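Listed below, chain by chain, are the residues.
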Amino acid sequence: MFKLNYLRNVAILLAMSISITNNNVEACTGIGMQAEDGSKVIARTMEWGTFILEAKYSVVPRGYTQTALTPTGTNGLKFTAKYGYAGISALEDRFVVEGLNEKGLVAELFYFPNYGKCEEYDPANNATTITDVQLIPWMLGNFATIEEMEKEIGKLHIIPYGHGFDNVHWNVGDRTGRQVVIEIINEEVKIFENEIEVITNAPNFDWHMTNLNNYVNIFAGAAPTHEIVPGVTLKPFGIGSASLGLPGDLTPPSRFVRAAFYKLTARPQKDGEGTVLQAFQILNNFDVPVGAEFSDPQEAPEFLSATQWTAAVDLMNLKFYYKTEWNYTIRCIDLSKIDFSKVKFQSWPLDKVKKQPIEYIPVK
């Protein structure tokens, strides 16, 4: 069964990687924010405009053991969860692509096309080999802090899950307030301090940070009036004139700049819940209508948005929030109320039905 699942998922991932190249369907955007009471929130959108991912929320108990897949079977790294965690899985229930553990460590997977390169698979290293799509379960199950994870990740042999699918990177945060981006470039694991707390897709994270310098003239508020010649004064047409030139297209570099601007100019909220709501509001700016990704509208699938879900985690209060394209209601998994020593591994669809409910208001 595992062998069949592996072959099935490789085929899916190959299709996904082809779609990424042809249709630019990867458009995930992530931000981090802090409340006045010290609560830390990390949030992201998940875009996929080719087909429905059929994602689920998964709860993983302490003691849950997994064995990493390799091209030759279920014979890679064997790892057991020291900590319980919850998050969203795709392809298979155990493949958590973003989640939060009971110690307040959060990890998220983002697409990274054409720039990442994991090492080649070597059967001799099976005992320490793990696929890129299983790295998040390894992190969430084993570590309370980024510092702990850094000491161990270099011991792994991280390989791509599917042939030609070598294009992911990761955003990781913990309760200390630290946030990092992990990228594997030319088979070397690189860890960047994500002090700006923003992530999108390719190019490399350090390239995005350099690119921010191109927008040094953009700031919050209104630009001042300016007399260009006696009697002729230029004035702003309306609000936000100081942000003139902020890029609005769908590309990862533009989304990175725009996300940085919105989160850095946002007014801090009092607590974690308020900050979660604020993060969802900011990330609404990055919802992608599915037709915008296709040159031929006839190729676009029937669902409305490439943004299949948006998620946020409150690290201090151990809460995992999400909403989907099909239901804008924000739902929450409260990890503080889960006994991870007793709960069973479980996985459930994010939505019971894929139809946005509309509430009709009675008028008397």
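Counting starts from 1 at the beginning of each chain's written sequence and moves along it residue by residue. Where totals are concerned, whole chains, interfaces and linings use all residues; where local detail is concerned, this predicted model gives features only for residues with pLDDT of at least 70, and gives and counts side-chain atom pairs only at 80 or more. To obtain the side-chain values, all non-hydrogen atoms of the structure were used and water was disregarded.

*Asks:* What is the right way to look at the sheet that holds strand β11 (residues 168-173) in this model?
*Replies:* Strand pairing in a sheet relies on backbone hydrogen bonds, with the paired strands running either antiparallel or parallel. Should DSSP find at least two bridges between two strands, the strands are regarded as paired. Only DSSP runs of H or I covering at least 4 residues are called helices, and only runs of E covering at least 2 are called strands; the numbering of each starts at the N terminus. The antiparallel open sheet is built from 8 strands, whose spatial order is β13-β12-β11-β8-β7-β6-β3-β20. Looking at the sheet topology across the chains shown, the edges are occupied by β13 (188-193) and β20 (346-349). Each adjacent strand pair in this sheet contributes to an overall mean axis angle of 20°, direction not counted. As judged from the 4 bridges shared by β11 and strand β12 (residues 179-185), these two strands associate in the antiparallel manner. Within the sheet, the bridge partner assigned to N171 lies in β12 and is V181. Residues count as neighbours in contact if any of their non-hydrogen atoms are within 4.5 Å of one another. Only the stretch in contact is used when fitting a helix axis, every axis being a line fitted to C-alpha atoms; angles between N-to-C directions are given from 0 to 180 degrees. Packing of helix α2 (residues 135-142) onto the sheet brings it into contact with β6 (85-89), β7 (96-101), β8 (106-111), β11 and β12, and relative to β7 it is tilted by some 10°.

*Asks:* What exactly am I supposed to notice about a nonpolar patch on the surface here?
*Replies:* Residues qualify for a patch when their relative accessible area is over 30% and they have no salt bridge, like charges being joined within 9 Å and the nonpolar side chains of Val, Leu, Ile, Met, Phe, Trp and Tyr within 5 Å. Note that accessible areas follow from Shrake-Rupley with a 1.4 Å probe, and for residues the cover is restricted to the protein chains shown. Every case where a carboxyl oxygen of Asp or Glu lies within 4 Å of a side-chain nitrogen of Lys or Arg is listed as a salt bridge. Together, I228, V229, V232 and L234 give the surface a local cluster of nonpolar side chains, amounting to about 320 Å² of exposed area. Secondary structure elements with two or more residues in the nonpolar patch: β15 (226-229) and β16 (232-234). If you trace the backbone, I228 turns up in strand β15. Burial classes follow relative accessibility: with a 1.4 Å probe on protein chains only, a residue under 20% of its type's maximum area counts as buried, one over 50% as exposed, and anything between as partly exposed. For I228, a relative accessible area of 45% gives the class partly exposed.

*Asks:* Sorry if this is basic, but what is going on with the side chain of S243 here?
*Replies:* Positionally, S243 belongs in the loop between β16 and α5 (252-265). For S243, a relative accessible area of 18% puts it in the buried group. The contact partners of S243, leaving out residues within four places of it in the chain, are I218, F219 and F261.

*Asks:* Whenever I open this one, the pairing of β6 confuses me. Can you help?
*Replies:* Successive side chains on a regular strand alternate, one facing one side of the sheet and the next facing the other. Among the 5 residues in β6, 5 count as buried, and that is most of the element. When β6 meets β7, the two strands line up antiparallel, connected through 5 bridges. Along β7, the bridge assignment pairs Y85 with N101. Linking β6 back to β7 in an antiparallel pair, the connection comprises 6 residues, with L91 at a positive phi of about 70°.

*Asks:* Teacher, can you tell me more about the environment of R94 here?
*Replies:* Within the element layout of this structure, R94 appears in the loop between β6 and β7. Taking the C-alpha atoms as reference points, R94 and F280, separated by 186 residues in sequence, lie 26 Å from one another. We call two N or O atoms a polar contact when they sit within 3.5 Å, provided that within protein one can donate a hydrogen and the other can accept it, with sequence-adjacent residues counted only if both atoms are side-chain atoms. Only 2.8 Å separates the side chain of R94 from the side chain of E92, close enough to count as a polar contact.

*Asks:* Even after reading the chapter, I still don't get the sheet that holds strand β14 (residues 198-199), so can you show me in this structure?
*Replies:* Taken in spatial order, the 6 strands line up as β14-β1-β2-β17-β18-β19 in an open sheet, and their pairing is antiparallel. Where the open sheet ends on each side, the last strands, each with one partner, are β14 and β19 (327-334). As defined by bridge partners, strand β17 (residues 307-314) adjoins strand β18 (residues 319-324) across 6 bridges and the pair is classed as antiparallel. Bridged to T310 within β18 is K323.

*Asks:* How do you make sense of helix α3 (residues 146-153) when you look at a structure like this?
*Replies:* Counting along an α-helix, one turn takes 3.6 residues, and residues three or four places apart therefore face a common direction. Every buried residue belonging to α3 is among I146, M149 and I153, and all of these are buried. Buried residues of α3 fall within an arc of 60° about the axis and therefore sit on the same side. Against the buried residues of α3 lie α2, β10 (157-159), β11, β12 and β13. The arc under discussion is defined with respect to the helix axis, by the directions toward the C-beta atoms.

*Asks:* Sorry if this is basic, but what is going on with the nonpolar core here?
*Replies:* I130, L135, W138, M139, W170, W309 and F320 are the most contacted members of the largest nonpolar core, which totals 78 residues. Sequence-distant contacts of L135, that is, excluding residues within four places in its chain, are made with I130, I153, L156, I158 and W170. We define the nonpolar core as a collection of buried residues of types Ala, Val, Leu, Ile, Met, Phe, Trp, Tyr and Cys that are connected through side-chain atoms lying within 4.5 Å of one another.

*Asks:* I tried to follow the packing of α2 against α3 on my own but got confused; where do I start?
*Replies:* Packed helices, taken two at a time, are described by the angle their axes make and the gap between the axes. Where α2 meets α3, the axes come as close as 10 Å, and the angle between the chain directions of the two elements is 125°. The pairing of α2 with α3 is recorded here as oblique in orientation. Every pair of crossing elements has a handedness; the one defined by α2 and α3 is right-handed. Residues L135, W138, M139 and N142 of α2 lie in contact with α3, whose contacting residues are E148, M149, E152 and I153. Gly falls in the polar group here, along with every residue not listed as nonpolar (Ala, Val, Leu, Ile, Met, Phe, Trp, Tyr, Cys, Pro) or charged (Asp, Glu, Lys, Arg). Its residues assigned to classes, the contact of α2 with α3 shows 5 nonpolar, 1 polar and 2 charged. Here roughly perpendicular refers to angles of 65 to 115 degrees, roughly parallel to angles under 35, roughly antiparallel to angles over 145, and oblique to all remaining angles. In this scheme, a crossing is called left-handed if the near helix is turned counterclockwise away from the far one by less than a right angle; it is called right-handed if the turn is clockwise.

*Asks:* What should I look at first to understand the pattern of salt bridges in this one?
*Replies:* Oppositely charged side chains can pair when the atoms bearing their charge come close. The full count for this structure, using the stated rule, is 12 salt bridges. Put simply, E197 and K40 hold a salt bridge, and the shortest N to O gap is 1.9 Å. A residue pair is termed long-range when its members are at least 10 positions apart, and E197 in the loop between β13 and β14 and K40 in strand β2 (residues 40-47) qualify at 157 residues. The salt bridge partner of E98 is R44, with a shortest N-O separation of 3.4 Å. Here the residue E98 occupies a position in strand β7, and R44 occupies one in strand β2, the gap between them amounting to 54 residues.

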